[in-house]
Amino acid sequence: MSPAEAGGAGGAVGAEPTGTTAGAPASPAPLGSRRRPGPLWTFGLLRSELVITFRRWRTLALLGVLAAVPVLVGIAVRIETSDGSSLGGGGGGGGGGEGPAFIAQITNNGLFLVFTALAATLPFFLPMAIGVVAGDAIAGEANAGTLRYLLVAPAGRTRLLLTKYVTVIAFCLAATLVVALSALTVGALLFPLGELTTISGTRISFAEGLLRALLIALVVAASLVGVAALGLFVSTLTNSGIAAMATTVGLLITVQILDQIPQLDALHPYFFSHYWLSFADLMREPVYWDDLLKNLGIQGLYAAVFGSAAWARFTAKDITA
């Protein structure tokens, strides 16, 4: 039976099979006889989504661009300091929208290139990449005409939506790690490595610095779950993947512009981007947790609100493609 015929036989898209055979009178399906996917089937669906997502040329191109940012920053710093001069830097970082002054420390320790690259990519490059992948999650399937066939299988709309969201979260982590690993490699090649000085002025070992770099990368990845949920919600509103991606990126830019308007200061703490740069507080001794926890809390709130909105929209949506 072709997928189209399966869709017709199954009635409403995403409906469970009743077990009625051709030519036989319809009878109520016995309790518990409906086919339900098991954990292994769900894992297979997730694995398939991950493979498809990370094999797309668009995904690879996005990861390539993200990996190139630390390379460009490292080369620029190396050229700028080739005559022995040092780079200037501003004040310490924090969640109030001020960037961390890690770039001034790169020439002393290449590990600071990791922090600088994450600070450079977080305001635009990383969320833009997440917006593209999340915006295409559902709308891209609808545009390609494969969403209906996915729901004919015993996936269920809720399970499919969760699988899509987990895939986007996996991309958040992968994109952040690509930036961090690229920066670490370039930093090791162009600059010395060793003990590093925290923002507070204390010295920590290189091993502890690596551990903090990993923790910062995880915090940056967690800072993108709100954008991922927003993009997934937008993706359920349209059948055009391009429109969903453009809308998500447009909303991202708009929120960051609003976050810079002083007259909207009372609203700033509720914007998902407001505490993004609070990861710099992990390079203090002791660590300042206030803005970090606020950041994680606001990301969880956005994920809950827009994740619920995406579920409500998707489960009630009439799938025609």
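As the structure is a prediction and not an experimental result, all values here were calculated from the model.

### What about the environment of Leu-218?
Logical step 1: Structurally, Leu-218 is set in helix α8 (residues 206–222).
Logical step 2: It is 9.7 Å that separates the C-alpha atoms of Leu-218 and Phe-279, two residues lying 61 residues apart in sequence.

### A word on the environment of Leu-282
Logical step 1: Among the structural elements, Leu-282 can be located in the loop between α10 (241–258) and α11 (290–316).
Logical step 2: Along the backbone, Leu-282 and Thr-198 are 84 residues apart, and their C-alpha atoms lie at a distance of 9.0 Å.
Logical step 3: In contact with Leu-282, other than residues within four places in its own chain, are Arg-212, Leu-215, Ile-216, Val-219, Val-287, Trp-289 and Leu-292.

### Here we look at the packing of helix α7 (residues 157–190) against α11
Logical step 1: It is at 10 Å that the axes of α7 and α11 come closest, and there the two elements cross at 140°. Classified by the angle their axes make, α7 and α11 are oblique. At the point where α7 passes α11, the crossing takes the right-handed sense. Along the contact surface, α7 presents Arg-157, Thr-158, Leu-160, Leu-161 and Tyr-165, while α11 presents Ala-303, Ala-310, Trp-311, Phe-314, Thr-315 and Ala-316.
Logical step 2: The residue inventory of the contact of α7 with α11, partitioned by class, reads eight nonpolar, two polar and one charged.

### Some words on empty space enclosed by the protein
Logical step 1: Scanning all chains against the criterion turns up three cavities of 30 Å³ or more.
Logical step 2: Estimated volume of the largest cavity: approximately 120 Å³.
Logical step 3: Considering the residues around the largest cavity, the lining is formed by 13 residues, among which Thr-53, Arg-56, Val-133, Asp-136 and Ala-137 are closest to the centre.
Logical step 4: Listing elements by their share of the lining of the largest cavity, those giving two or more residues are α2 (39–55), α3 (57–80), α5 (125–144) and α7.
Logical step 5: Ranked by residue count, the leading element in the lining of the largest cavity is α5, at five residues.
Logical step 6: For the lining of the largest cavity, a count of residues per class yields four nonpolar, three polar and six charged.

### Considering a nonpolar patch on the surface
Logical step 1: Together, Leu-173, Leu-211, Leu-214, Leu-215, Leu-218, Trp-289, Leu-293 and Leu-296 line one region of the surface with nonpolar side chains, adding up to about 750 Å² of accessible area.
Logical step 2: If you list the elements that add at least two residues to the nonpolar patch, you get α8 and α11.
Logical step 3: For the nonpolar patch, the element with the most residues is α8, which contributes four residues.
Logical step 4: The residue Trp-289 is located in the loop between α10 and α11 in this model.

### Describing the nonpolar core
Logical step 1: Ranked by internal contacts, the top residues of the largest apolar core, which has 76 residues, are Phe-115 and Phe-279.
Logical step 2: Top element by residues in this core is α7. It accounts for 11 residues.

### Examining helix α9 (residues 225–235)
Logical step 1: The buried fraction of α9 amounts to 11 of the 11 residues, a majority that puts the element mostly inside the structure.
Logical step 2: Along α9, the residues classified as buried are Val-225, Gly-226, Val-227, Ala-228, Ala-229, Leu-230, Gly-231, Leu-232, Phe-233, Val-234 and Ser-235.

### Digging into the pattern of salt bridges
Logical step 1: As enumerated under the stated definition, the model contains eight salt bridges in all.
Logical step 2: Taking the shortest distance from any N to any O, the salt bridge between Asp-136 and Arg-56 comes out at 3.9 Å. Taken together, the positions of Asp-136 in helix α5 and Arg-56 in the loop between α2 and α3 put the pair 80 residues apart, joining distant regions of the chain.
Logical step 3: A relative accessible area of 12% means that Asp-136 is categorised as buried.
Logical step 4: The salt bridge partner of Lys-164 is Glu-141, with a shortest N-O separation of 2.8 Å. Linking Lys-164 in helix α7 with Glu-141 in helix α5, this pair joins segments that are 23 residues apart in sequence. By the burial criterion, Lys-164 is buried, and Glu-141 matches it.

### Considering the environment of Ile-103
Logical step 1: Looking at where Ile-103 falls in the secondary structure, it is placed in the loop between α3 and α4 (112–121).
Logical step 2: Placed 11 residues apart in sequence, Ile-103 and Val-114 show a C-alpha to C-alpha distance of 9.8 Å.

### Section: the packing of aromatic side chains
Logical step 1: Tallied over the full model, the rule gives seven aromatic pairs.
Logical step 2: Between Phe-124 and Phe-125, the aromatic rings sit 5.7 Å apart at their centres with planes inclined by 75°, giving edge-to-face as the arrangement.
Logical step 3: Since its relative accessible area comes to 34%, Phe-124 is described here as partly exposed.
Logical step 4: For the pair Phe-272 and Tyr-302, a centre-to-centre distance of 5.4 Å together with 90° between the ring planes defines the contact as edge-to-face. Residue Phe-272 is located in the loop between α10 and α11, and its partner Tyr-302 is located in helix α11; the two are separated by 30 residues in the primary sequence. Each member of the pair, Phe-272 as well as Tyr-302, is classed as buried.

About the criteria used
- Residues numbered from 1 in each chain as written.
- Predicted model: local features only at pLDDT ≥ 70, side-chain atom pairs only at ≥ 80, totals over all residues.
- Heavy atoms only, no water.
- Helix = DSSP H or I, 4+ residues; strand = E, 2+ residues; numbered from the N terminus.
- Contact = heavy atoms within 4.5 Å.
- Axes fitted to C-alpha atoms, helices over the stretch in contact; angles between N-to-C directions.
- Parallel < 35°, antiparallel > 145°, perpendicular 65-115°, else oblique.
- Left-handed = near helix turned anticlockwise from the far one by under 90°.
- Nonpolar A, V, L, I, M, F, W, Y, C, P; charged D, E, K, R; others polar.
- 1 Å grid on protein atoms, 1.4 Å probe; cavity = no way out; pocket = protein on both sides within 12 Å on 5 of 7 lines; lining within 4 Å.
- Points joined across faces, edges and corners; volume = space filled by probe spheres on them.
- Patch = residues over 30% accessible without salt bridge, like charges linked within 9 Å, V, L, I, M, F, W, Y side chains within 5 Å.
- Areas by Shrake-Rupley, 256 points an atom, 1.4 Å probe, with all protein chains shown as cover.
- Salt bridge = Lys/Arg side-chain N within 4 Å of Asp/Glu carboxyl O.
- Core = buried A, V, L, I, M, F, W, Y, C linked by side-chain atoms within 4.5 Å.
- Buried < 20%, exposed > 50% of the residue type's maximum accessible area, 1.4 Å probe, protein only.
- Phe/Tyr/Trp six-rings, centres within 6.5 Å; stacked < 30°, edge-to-face > 60°.

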